[in-house]
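# Coordinates in review
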Number of protein chains: 2
Amino acid sequence: MNGAPTNEAGGRAPVTPLPRRQMLADDVHEAIKALIMDHAIEPGARVSIDGLARQLGVSPTPVREALARLESAELVVKEPLRGYRTTPLLNREQLEDLYQFRLLLEPWAAARAAERLSDEGRERLRAEMGSCDAPRDTTYDAYKALTAHDTRFHVLVAELAGSAQVRQAFERTHCHLHVFRLSYNRGIGLQTLDEHRSITDAILAGDPQAAEAAMRGHLETALYERLLPVSDSS
Amino acid sequence: MNGAPTNEAGGRAPVTPLPRRQMLADDVHEAIKALIMDHAIEPGARVSIDGLARQLGVSPTPVREALARLESAELVVKEPLRGYRTTPLLNREQLEDLYQFRLLLEPWAAARAAERLSDEGRERLRAEMGSCDAPRDTTYDAYKALTAHDTRFHVLVAELAGSAQVRQAFERTHCHLHVFRLSYNRGIGLQTLDEHRSITDAILAGDPQAAEAAMRGHLETALYERLLPVSDSS
DNA sequence: ACCGGAAGTATCCTATAGGATTCGACGGTG
DNA sequence: CACCGTCGAATCCTATAGGATACTTCCGGT
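All of these numbers come straight from a predicted model, not from anything done at the bench. (Residues numbered from 1 in each chain as written. Chains lettered and ligands numbered in written order. Predicted model: local features only at pLDDT ≥ 70, side-chain atom pairs only at ≥ 80, totals over all residues. Heavy atoms only, no water.)

## Regarding the packing of helix 6 (residues 140-160) of chain A against helix 9 (residues 191-204) of chain A
Residues and elements named next belong to chain A. Note the threshold: Interaxial angle, 0 to 180 degrees, is taken between N-to-C directions of lines fitted to C-alpha atoms, where a helix line uses only the stretch in contact. Only DSSP runs of H or I reaching four residues or more are called helices, and only runs of E reaching two or more are called strands; each is numbered from the N terminus. Angular relationships are summarised with four words: roughly parallel below 35 degrees, roughly antiparallel beyond 145, roughly perpendicular across 65 to 115, and oblique for the angles in between. In this scheme the crossing of two helices becomes right-handed for a clockwise turn of the near helix relative to the far one and left-handed for an anticlockwise turn of less than a right angle. Any pair of residues with heavy atoms lying within 4.5 Å of one another is described as a contacting pair. By the convention adopted, Pro, Cys, Tyr, Trp, Phe, Met, Ile, Leu, Val and Ala count as nonpolar, Lys, Arg, Asp and Glu as charged, and the other residues, Gly among them, as polar.
Packing of helix 6 against helix 9 brings their axes to within 12 Å, and their N-to-C directions diverge by 20°. Judged on the interaxial angle alone, helix 9 and helix 6 are roughly parallel. The way helix 6 lies across helix 9 gives a crossing that is left-handed. Facing helix 6, whose interface residues are Leu 146, His 149, Asp 150, Phe 153, His 154 and Val 157, helix 9 presents Thr 192, Leu 193, His 196, Ile 199, Thr 200 and Ile 203. Looking at side-chain class alone, the contact of helix 6 with helix 9 contains six nonpolar, five polar and one charged residues.

Written out as structure tokens, the structure reads:
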């Protein structure tokens, strides 16, 4: 019953883990995350369980499960008999703390990625950098695509470093989501792509010190030149 | 509007956030975590939703919510239409990765704690170190108490460092739970307390370099002298 | 003896209903 | 005019029921 045991035609693809795309709760999870990112639910606003259930056309049970997961991700907070509430936007202090935390992890990850680079990793880096086309306009979708590339790039560096803990810790910060919520209507600028290319070149060259320095400079530039001015104006 | 505006009798305690202890799902969450830690549910074993519900005497709904939270904490994994399964024990590689990750965060946190030590922090450190009485026996409860102290100590150092991100990242690793599962029947030894005292002394002395070195030595000793020999024997 | 197929059981997933609690509003009293 | 008790609506929390799916076991055929 599993995966055509007597399929003589194509025994090539070894594991197509049969996507098993089900789980309404998972779709609800993504839908709510999208609502938060798009400011359809304002930061700090209360979010009703069966209100969301009615809005999404499902029963409250999967909504409850999705909110429980989002609570572990620090995207919503639960007030025991009063409902859920979205976490407020990051202030300047929290933003600096977040980037200080990234500075502890990511330069180290870049250096390790440069040290233990394999052919497969080299190809994945090239593919990611090749897939990001520089967006010409400053539309919402273009900004969203650039953010998605930024997320994939930093996760990829963490993976190439070979540390599952660093990758998970980075993913659990949801830094891109917070940054997205902070300045979702501003253009990040093409400078990000140039800095990513510098990091990529250092990693591909197998130069740990250069990779570490490039990543450190990238994070510091992002914080001090791109994010804090926006945060100050609010 | 918050907190007794015209209370002339006792305006002393400003915020007693009225614990609001309810939420069966939260108790279920703690109960399941305790079951995993005590090996009542073996690592890698399947865990049934309504099986747990019957065992705990509640309905499946809060169990489902608790498992969703545990899934975000990487303590169980979900196989979409087949149920939940506890995560397997850490192997040697994952254990080394975990401690490499801690080495990125905690020595830095110790140094920062030494730099920005306040009177309140000094008092909290003294209180924590004073509360841990050296256990004479090697019983299960004594080991459990020592683990609890170890958790509180490392979280406290992260808090004194002033970085919420570092504290959250450390807590989300659940390193104590993994270590507990690995060697729950072995004595950690009193060496841990001595090393904690060395770290505490360096922080209280306001010496960042000494604190960083002490924390680094503590982690390396814990990994190479206390954990890996146990992991190798299995 | 080995393999393929089918029925049965257990489990999961979603929806719905009822009990308990909180928040807001209204009217009464000092 | 200010304060307080009471009422009502909305919400949350838990329990239960029904439909669908996957795993196990048994049986017949080769």
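## Thoughts on the sheet that holds strand 3 (residues 83-86) of chain B
All names here are of chain B. Applied cut-off: Note on pairing: DSSP must find at least two bridges between two strands before they are called paired.
Reading across from one edge, 1-3-2 is the order of the three strands in this open sheet, with antiparallel pairing throughout. The strands lining the two open edges of the sheet, one partner per strand, are strand 1 (46-47) and strand 2 (76-79). In the sheet, strand 2 pairs with strand 3 via four bridges, with the strands oriented antiparallel. When the sheet's bridge partners are listed, Val 77 is paired in strand 3 with Arg 85.

## Quick word on the sheet that holds strand 3 (residues 83-86) of chain A
With antiparallel pairing, three strands are arranged side by side in an open sheet as 1-3-2 (chain A). Looking at which strands have only one partner, the edges of the open sheet turn out to be strand 1 (46-47) and strand 2 (76-79) of chain A.

## Some points on the confidence of the model for chain A
Residue and element names in this part refer to chain A. Heads up, the rule is: Per-residue confidence from the prediction method is given by pLDDT, with values spanning 0 to 100.
When pLDDT is averaged along chain A, the result is 85; 83% of the residues meet or exceed 70. Averaged over each element, pLDDT in chain A is lowest for helix 8 (residues 175-182) (77) and highest for helix 4 (residues 92-115) (97). The low-confidence segment residues 1-18 (pLDDT under 50) makes zero contacts with residues lying over four places distant or belonging to another chain.

## Overview of the protein's contact with DNA strand D
In plain terms, the rule: Note on definitions. A residue lies near a molecule or strand when any single heavy atom of the residue is within 4 Å of it. Throughout this description, a polar contact denotes any pair of N or O atoms lying within 3.5 Å of each other; where both atoms belong to protein, one of them has to be capable of donating a hydrogen while the other can accept it, and for residues adjacent in sequence the pair is counted only when both atoms sit in side chains.
Within the structure, DNA strand D sits among 20 residues, and Asp 50 and Pro 80 of chain A together with Leu 24, Ser 59 and Arg 82 of chain B are positioned closest to it. Of what DNA strand D places within 4 Å of the protein, 75% of the atoms are sugar or phosphate. Contact distances for DNA strand D include 3.0 Å between a phosphate oxygen and a side-chain N or O atom of Arg 64 of chain A. Here a phosphate oxygen of DNA strand D sits 2.4 Å away from a polar atom, N or O, in the main chain of Pro 80 of chain A. Breaking the surface near DNA strand D down by element, the ones donating at least two residues are helix 2 (49-56) of chain A together with helix 1 (24-37) and helix 3 (60-72) of chain B.

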